[in-house]
Amino acid sequence: MAQECWEFYFAQLGGRSASIFFDDCLSARLEDIDLPNALRLRVTMKQPGEDGLSSSHEFDALNQLENTIVERLARLGTVHLGRVTTGGQRYINFLTSMTDGEAAPILALIQAETGYEIRARVEPDPQRTAYWDELYPSDDDRSLLNDLKCFENLAGAGDQDTIGRQIDHLVCFKSSASRLQFQEIIERAGFKTDRLYEDIAHNPDVFCMAFSRVDKPRMGDFTKHEGWTCSAVTD
């Protein structure tokens, strides 16, 4: 069985809040999957939250519904790519060799069993847009996803997030002038420049900078750059 790496992040789609759940491991082998069509399902939620995302009242039922769909379609050789939840709808994407006519009776049976309205669309997807365009994170979304992982790791280590500690950052630019401008800004904000470096031989247009400051880790402080790290404080 192929390895799966399910990841989750929030985004804004068309001015609405969205939660996106996708298999990150598929990115390495997607082009090798010999399934020509994308199957896109739209499930209308019964009790969405005010933000259009799933509510606690419906969370378990929606997950059970998705598990049922995934399990039954998997018997026919489909590959589950992920889902988007937004605007009171849940969109579930697959790769498949099925046609609309072959998928319809399976989904009609699940709809009758669960009472959920399920709409389906099957179409050729040679560029894998059902994954790359609709599920895969942008660079900014990937930064947020990595930040969430860091905070989860800190919490799992018993971190006391009200205590300051040195937080190390890394950021890269396309010119030394941009890097210098940023350096002046962050040093006025109390950060310390730890290192300036570049790899002219291999990446002549990348100018990086490591910097740090004693801070309390807070979500939103660390996006839009290459990375950050700190130690957990447990006492």
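Here we summarise the structure given alongside this text. Just so you know, the residues in each chain are numbered from 1, in the order the chain's sequence is written. Since the coordinates come from a predicted model, pLDDT governs what is reported: local features require at least 70, and pairs of side-chain atoms require 80 or more to be given and counted, while whole-chain, interface and lining totals use all residues. Side-chain numbers come from the whole structure's heavy atoms, not from hydrogens or water.

Looking at the state of the cysteines
By disulfide we mean two sulfur atoms from cysteines, separated by a distance within 2.5 Å. Across all of its chains, the model carries 2 disulfides by this definition. Across the disulfide from Cys 5 sits Cys 25; the S-S distance is 1.6 Å. Here Cys 5, found in the segment before strand S1 (6–13), pairs with Cys 25, found in the loop between strand S2 (16–23) and strand S3 (37–44); they are 20 residues apart in sequence, far enough to count as distant. Each disulfide pairs two cysteine sulfurs, and for Cys 172 the partner residue is Cys 208, the sulfurs being separated by 2.0 Å. Because the torsion about its S-S bond is 100°, the bridge between Cys 172 and Cys 208 counts as right-handed. With a gap of 36 residues between them, Cys 172 in strand S7 (residues 165–173) and Cys 208 in strand S9 (residues 203–215) connect regions that are remote in the sequence. For every residue, the accessible area obtained with a 1.4 Å probe (protein chains only) is divided by the maximum for its type, and the residue is called buried under 20%, exposed over 50%, and partly exposed between those limits. Note on Cys 172: relative accessible area 23%, which makes it partly exposed. A residue is classified by how much of its surface remains accessible, and Cys 208, at 7% relative accessible area, is buried. What counts as a helix is a DSSP run of H or I of at least four residues, what counts as a strand is a run of E of at least two, and both are numbered from the N terminus.

Re helix H2 (residues 100–114)
For an α-helix, 3.6 residues make a turn, and residues three or four places apart therefore share a direction. The span you would expect from a helix comes to 1.5 Å times its residue count less one. With 15 residues, H2 should reach 21 Å at 1.5 Å per residue; the first-to-last C-alpha distance of 21 Å fits that figure. Every buried residue of H2 is listed here: Ala 103, Ile 106, Leu 107 and Ile 110. Throughout, a contact is declared for two residues whenever any of their heavy atoms are within 4.5 Å. On its buried side, H2 packs onto S3, helix H1 (59–74) and strand S6 (118–124). Gly 115 sits one or two residues past H2 and shows a positive phi near 80°.

Some details on the nonpolar core
Membership of the largest hydrophobic core comes to 19 residues, with the highest contact counts inside it found for Leu 39, Leu 41, Leu 65, Ile 69, Leu 73, Phe 94 and Ile 118. Secondary-structure elements contributing two or more residues to this core are S3, H1, strand S5 (89–96), H2 and S6. Ranked by residue count, the leading element in this core is H1, at 5 residues. Excluding residues within four positions of it along the chain, Leu 39 makes contact with Leu 73, Ile 92, Asn 93, Phe 94, Thr 96, Met 98, Ala 120, Arg 121 and Val 122. Core analysis: the second largest hydrophobic core is formed by 18 residues, Ile 20, Leu 26, Ala 38 and Leu 95 among them. To qualify as a nonpolar core, a set must consist of buried Ala, Val, Leu, Ile, Met, Phe, Trp, Tyr and Cys residues joined through side-chain atoms within 4.5 Å.

Details of the side chain of Arg 165
Mapped onto the secondary structure, Arg 165 falls in strand S7. Looking at Arg 165, the relative accessible area reads 7%, which means it is buried. A polar contact is formed between the side chain of Arg 165 and the side chain of Asp 159, at a distance of 3.0 Å. In this structure, Arg 165 is in contact with Leu 154, Asp 159, Gln 160, Arg 213, Val 214, Asp 215, Pro 217, Cys 230, Ser 231, Ala 232 and Val 233, ignoring residues within four places of it in sequence. N or O atoms within 3.5 Å of each other form a polar contact, as long as, within protein, one can give a hydrogen and the other can take it, and as long as residues adjacent in sequence are counted only when both atoms are side-chain atoms.

Quick look at the pattern of salt bridges
Pairing between side chains of opposite charge can happen when their charged atoms approach one another. We define a salt bridge as a contact between a side-chain nitrogen of Lys or Arg and a carboxyl oxygen of Asp or Glu at a distance within 4 Å. For the coordinates displayed, the defined rule picks out 11 salt bridges. Across the pair Arg 83 and Glu 66 runs a salt bridge whose closest N-O atoms are separated by 2.7 Å. Here the residue Arg 83 occupies a position in strand S4 (residues 79–86), and Glu 66 occupies one in helix H1, the gap between them amounting to 17 residues. For Arg 83, a relative accessible area of 12% puts it in the buried group. Of the residues examined, Glu 66 reaches a relative accessible area of 4% and is grouped as buried. We note a salt bridge from Arg 72 to Glu 113, for which the minimum N-O separation is 2.9 Å. Taken together, the positions of Arg 72 in helix H1 and Glu 113 in helix H2 put the pair 41 residues apart, joining distant regions of the chain. Exposure remark for Glu 113: the relative accessible area of 45% places this residue in the partly exposed category. Here the salt bridges share partners, and the residues they tie into one network are Arg 40, Arg 121, Glu 123 and Glu 134.

Details of helix H5 (residues 176–188)
With 13 residues, H5 extends 19 Å from end C-alpha to end C-alpha; this agrees with the ideal 18 Å at 1.5 Å per step. Turning to H5, its buried residues number three or more, namely Arg 179, Gln 183 and Ile 186. Buried residues of H5 fall within an arc of 75° about the axis and therefore sit on the same side. Within H5, the exposed residues directed more than 90 degrees away from the buried face are Ala 177, Gln 181 and Arg 188. In this structure, the buried side of H5 is in contact with S7, strand S8 (192–199) and S9. At the exit of H5 stands Gly 190, carrying a positive phi of roughly 95°. Read the arc as the range of directions from the helix axis to the C-beta atoms.

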